[in-house]
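Chains, contacts and geometry: an overview
Each chain, letter by letter, is given below.
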Amino acid sequence: MRENPTEMSEDDERTPADLVAAEGGGKTETSNKSRSCVGVPCAGEFLSPYPDQVLENVLENVLLFLTSRRDRNAVSLVCKSWYRAEALTRSDLFIGNCYAVSPRRAIERFGRVRSLVLKGKPRFADFNLMPPDWGAHFAPWVSAMAGAYPRLEKVYLKRMSVADEDLALLAQSFPSFKELVLVCCDGFGTSGLAVVASKCRQLRVLDLIEDEVNDGDEVDWISCFPESGTCLESLIFDCVECPINFEALERLVARSPSLKKLRLNRHVSIGQLYRLMIRAPQLTHLGTGSFSPSDAVAQSDQEPDYTSAFAACRSLVCLSGFREIIPDYLPAIYPVSANLTSLNFSYANITTEQLKSVIRHCHKLQVFWVLDSVCDEGLQAVAAACEDLRELRVFPIDAREDGEGPVSEVGLQAISEGCRKLQSILYFCQQMTNAAVIAMSKNCPDLVVFRLCIMGRHRPDHVTGQPMDEGFGAIVMNCKKLTRLAVSGLLTDRAFSYIGKYGKLVRTLSVAFAGNSDMGLKYVLEGCPKLQKLEIRDSPFGDSALLSGIHHYYNMRFLWMSSCRLSRQGCEEIARAMPRLVVEVIETGNEEIDDFVNILYMYRSLEGPRKDAPEFVTIL
């Protein structure tokens, strides 16, 4: 999955744990985004129906200025009156697991919600590690909210199953609706988008990011936006696979003077991109579509002046897209390169020389996504030009696991030496050394996210042949701000002992093909007090390791283990010991004859087992 680098991410500090508090006080997890996007209610809106009106009113007015979710959680624990007042003044609701609480319970406590962030399937659903029809349906949520939240303005859904009927109900139920963001969602099509476009007259944001959009009906949804001026500020539809009505899109862009973000799908050619840029020079974020000519343009004698079109967009700070890229057109983006803070080449099979011609202009770049086709030499060029880089993601051009690979420890070490302000890195490679990882831990101490994916199973330091223990140990020792870590390669329990001893702020840990006994997982569960999300696949951890975390599971959002050495009996023991924990055993048809559980997914819930579990899910 490759989300927009400007969007909220899994490891963002704005999105930790996920429960709505039980009645009478308790932790409540909602969004801490600024109220400026939904409007700050006036004090009179929250006159309390409870005794001691003066104190209640004073408290409610104070809480209106409290936007941090963690601070609000703490406030709700003080006493029942503070618990009530906090609920009355909360307009932004975050639920990190749609099964952690029921729509009814959320609505009963929070009655004045204007913004909802709701997440569904576990992250490994993105990698086809679970059956597609697991659940996470939006239908019960939108049905419950339709009558309860008349002022709802914003919905952000991630990994949810959304039907066209859900979008229709949403569009018809909320007259002030302004923002719809769907990330990694499925189940809906262009007919649902058409209803949203036609009914939501105040729509400012329609962002479709990495969704699976049904294109069977191919409704002309772009033509459904109001014919008068629109309020659109962001329109992202690069994941929509079917062609769009370009003339309607051009008219829409022309009558949307507030449009700042526009990301196009692969059916928009560079010639059409030119026409849109001429209409909207105010854009700050642009997804370029295919960035190659249509047949009509390719056969013409004269092409538009693409360089002038980019030069006219003086506010551009983010470029993405570049599908089916034609290298001859890359110089067109040179005029805006110096102002770019975000550049996404993660779909462009770009070579080292092509990248170097662009990156040498990008001295302000802070976010950069790219394919490993740029090779170590391309990463060295990034390191030389982009000293302000904060986030780097290097994706594999294919899933090969053999050979040396185009990027290695050479590129990683170059980045660490040239980009010392780096805070987040995702790096796919086929070989790595402890020395390069240790160098990164020392050169980039501000790392918050470190995800190193050494493709292939149990790959050691390719120079010394030793496990990668010392490299990952250095990361958790030297990067004091680290909250997210993904480990891979040949790792022994020693690496996990380092994580347990030094990873005191780690909230998300992903493990693949690593460890050599139950002690590895025990070190983590007993040593990482902040751990919220733990994802493990193809590792030798069994029942003893699972039971060692029984003291901590109520404090976590979820635990995912697949292809490990868990027995049904061990999972049942956890379920008996922790009745408020939902323990799901998921069958995929690949179960081994030795009776190990293939997938275990555990999460906390105020509601108990869900009612919509499919046949392949057994809730213990």
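In what follows, the structure referred to is the one given above.
About the thresholds
Residues numbered from 1 in each chain as written. Predicted model: local features only at pLDDT ≥ 70, side-chain atom pairs only at ≥ 80, totals over all residues. Heavy atoms only, no water. Helix = DSSP H or I, 4+ residues; strand = E, 2+ residues; numbered from the N terminus. Buried < 20%, exposed > 50% of the residue type's maximum accessible area, 1.4 Å probe, protein only. Contact = heavy atoms within 4.5 Å. Areas by Shrake-Rupley, 256 points an atom, 1.4 Å probe, with all protein chains shown as cover. Phe/Tyr/Trp six-rings, centres within 6.5 Å; stacked < 30°, edge-to-face > 60°. Salt bridge = Lys/Arg side-chain N within 4 Å of Asp/Glu carboxyl O. Core = buried A, V, L, I, M, F, W, Y, C linked by side-chain atoms within 4.5 Å. Axes fitted to C-alpha atoms, helices over the stretch in contact; angles between N-to-C directions. Parallel < 35°, antiparallel > 145°, perpendicular 65-115°, else oblique. Nonpolar A, V, L, I, M, F, W, Y, C, P; charged D, E, K, R; others polar.

With that settled, the discussion passes to the overall build of the protein. Of the regular secondary structure elements, the protein holds 21 helices and 23 strands. Taking all 620 residues of the protein together, 59% fall into the buried category. Here the contacts in the protein between residues at least 6 apart in sequence split such that 72% fall between residues at least 24 apart. A total of about 23,600 Å² of accessible surface is found on the protein, and carbon and sulfur atoms cover 51% of it.

Among the 10 residues that make up helix α16 (residues 434–443), seven are buried, leaving the element largely enclosed by the rest of the structure. Listed as buried for α16 are N434, A436, V437, A439, M440, S441 and N443. At its buried positions, α16 is contacted by α15 (409–418), β15 (424–429), β16 (449–454) and α17 (469–478).

Time to look at the packing of aromatic side chains. Scanning the entire structure with this criterion turns up 17 aromatic pairs. Centre to centre, the rings of F558 and Y601 are 5.9 Å apart; their planes meet at 55 degrees, and the pair counts as tilted. Of this pair, F558 sits in strand β20 (residues 558–562) while Y601 sits in strand β22 (residues 599–604), placing them 43 residues apart in sequence. Taken as a pair, F558 and Y601 share a single burial class, namely buried. An aromatic cluster of three or more residues is present, and its members are Y99, W134, F558, W560, Y601 and Y603.

For the rest of this paragraph, the subject is the pattern of salt bridges. What the rule picks out here adds up to 21 salt bridges. As a salt-bridge pair, K356 and E353 come within 3.6 Å of each other at their nearest N and O atoms. On the criterion of helical spacing, the pair formed by K356 and E353 is a turn pair, its members being three residues apart in helix α13 (residues 352–359). E377 is paired through a salt bridge with K356; the nearest N and O atoms lie 3.0 Å apart.

What follows concerns the nonpolar core. Ranked by internal contacts, the top residues of the largest apolar core, which has 176 residues, are F138, L235, F310, L343, F345, F368 and F450. F450 has contacts with I425, V437, M440, F472, I475, L482, R484, L485 and A486, leaving out every residue within four places of it along the chain.

At F291, a residue that is not glycine, the phi angle is positive and equals roughly 55 degrees. Along the chain, F291 turns up in the loop between β10 (285–288) and α10 (295–298). One non-glycine residue, H458, lies in the positive phi region at around 55 degrees. One can find H458 in the loop between β16 and α17.

Moving on, we get to the packing of α17 against helix α18 (residues 493–502). At a minimum axis distance of 8 Å, the contact between α17 and α18 shows a crossing angle of 5 degrees. Between α17 and α18, the angle is such that the two are roughly parallel. For the pair α17 and α18, the contacting residues are D469, E470, G473, V476 and M477 in the first and R494, A495, Y498, I499 and Y502 in the second. Looking at the contact of α17 with α18 residue by residue, the classes come out as six nonpolar, one polar and three charged.

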